[in-house]
Amino acid sequence: MNEKSQAQSRIPGEPGIWAFVTGDLLVFSLFFILIAIGNQEQGGVFSSARGTLDLRFGLANTLLLLTGSFFVAIGVERFRLDDGRDNRIWFRLAILSGVIFLINKVFEWNAKVSDGMTPMTNDFFMYYFVFTAIHAIHVFVGVVILSFLFKKSQAPFTPETQRGLESGAIFWHLVDLLWIMLFALFYLV
Amino acid sequence: MTWAWFLLVAVTILAWWLAEGEQKMADATTTAILLTAGVKIWVIGYQFMELKLAPAFLRYGFLLWLIAISCILVFLIS
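Here the structure is a predicted model, which is why all the values come from computation and not from measurement.

About the criteria used
- Residues numbered from 1 in each chain as written.
- Chains lettered and ligands numbered in written order.
- Predicted model: local features only at pLDDT ≥ 70, side-chain atom pairs only at ≥ 80, totals over all residues.
- Helix = DSSP H or I, 4+ residues; strand = E, 2+ residues; numbered from the N terminus.
- Buried ≥ 20, exposed ≤ 12 C-beta atoms within 10 Å, placed from the backbone.
- Contact = placed C-beta atoms within 7 Å.
- Nonpolar A, V, L, I, M, F, W, Y, C, P; charged D, E, K, R; others polar.

Enquirer: Just give me the short version of the overall build of chain A, but keep the residues and values in it.
Expert: The helix and strand inventory of chain A stands at seven helices and zero strands. Beginning at the N terminus, the succession of helices and strands in chain A can be written as α-α-α-α-α-α-α. Along the longest, intermediate and shortest principal axes, the C-alpha atoms of chain A span 55 × 35 × 20 Å. In chain A, which comprises 189 residues, the share counted as buried stands at 38%. Taking contacts inside chain A between residues at least 6 apart in sequence as the whole, the part at least 24 apart equals 78%.

Pasting the structure below:
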């Protein structure tokens, strides 16, 4: 890395958020590995259980989170431009994507329970309900954080506000990123 | 930024299409699905989380984690 690029590189957000991201990635890595081991040891059970999931719910939720992340990234970029424009709309849209994700999830869980699938049914459904619930808690916390970002995004530009906004955005992107792998492992493979 | 979103959506649709036709080549399809998930995660990290601006230890640390977990999952599932 040359001198110029060293001068330009910086840690996005507060350094502490990256410690949290690292911890969360390691915890979820364990979840991913548990699902993969379950899949290896009980291929038939996992395959038939996976077949009962409605791929449309998973696909819709993936597109919702990807689009929500896109909106947040635009909101942060616009805030940095500091051109006086009202960029709260991007955070409002991202909050909406998170709320629809959660509503979608409740419908999906409800449909599974109505069909007699519970965490006690087999290992696949135990992982499915527990890990997607832990992820949904992340989405809920993310929506709360986005509500703060919504207010902060109208504050005058300062380096502190910028870091705060970036930290909240990084958490939201983490929520998106974790879902990508859960979606692949539960619905697609 | 917009290209990243289009790429992510396109790769998601590709993975969905691969999953729908899974019976064709199960192992190769599973590997492809996990790799497309890895690519999406990298785009989210690099572009949206702005690791492209971050110091090398953070950028490559994230990449190292992603390669490690992708390899483990491909090994266990394929």
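Still more to cover.
Enquirer: Describe the environment of W5(B), and please don't skip the residues or the numbers.
Expert: Structurally, the position occupied by W5(B) is in helix α1 (residues 2-20). Taking the C-alpha atoms as reference points, W5(B) and F48(B), 43 residues apart in sequence, are found 9.4 Å from one another. If we skip the residues at most four places from it in the chain, W5(B) touches L66(A) and F70(A).

Enquirer: Can you tell me about the interface of chain B and chain A, naming the residues and giving the values?
Expert: Each side of the interface is counted separately: chain B has 30 residues, and chain A has 33 residues. Tallying contributions element by element places helix α2 (residues 26-48) of chain B first for the side of chain B that touches chain A, with nine residues. Of the residues assigned to the side of chain B that touches chain A, the class counts are 25 nonpolar, three polar and two charged.

Enquirer: Which residues make up the environment of F140(A), and what values go with them?
Expert: All names here are of chain A. Take F140: it is sitting in helix α6 (residues 123-152). The class for F140 is partly exposed, based on 15 C-beta atoms found within 10 Å. Between the alpha carbons of F140 and P156 there is a distance of 27 Å; along the sequence they are 16 residues apart.

Distances and angles like these do not, on their own, reveal function.
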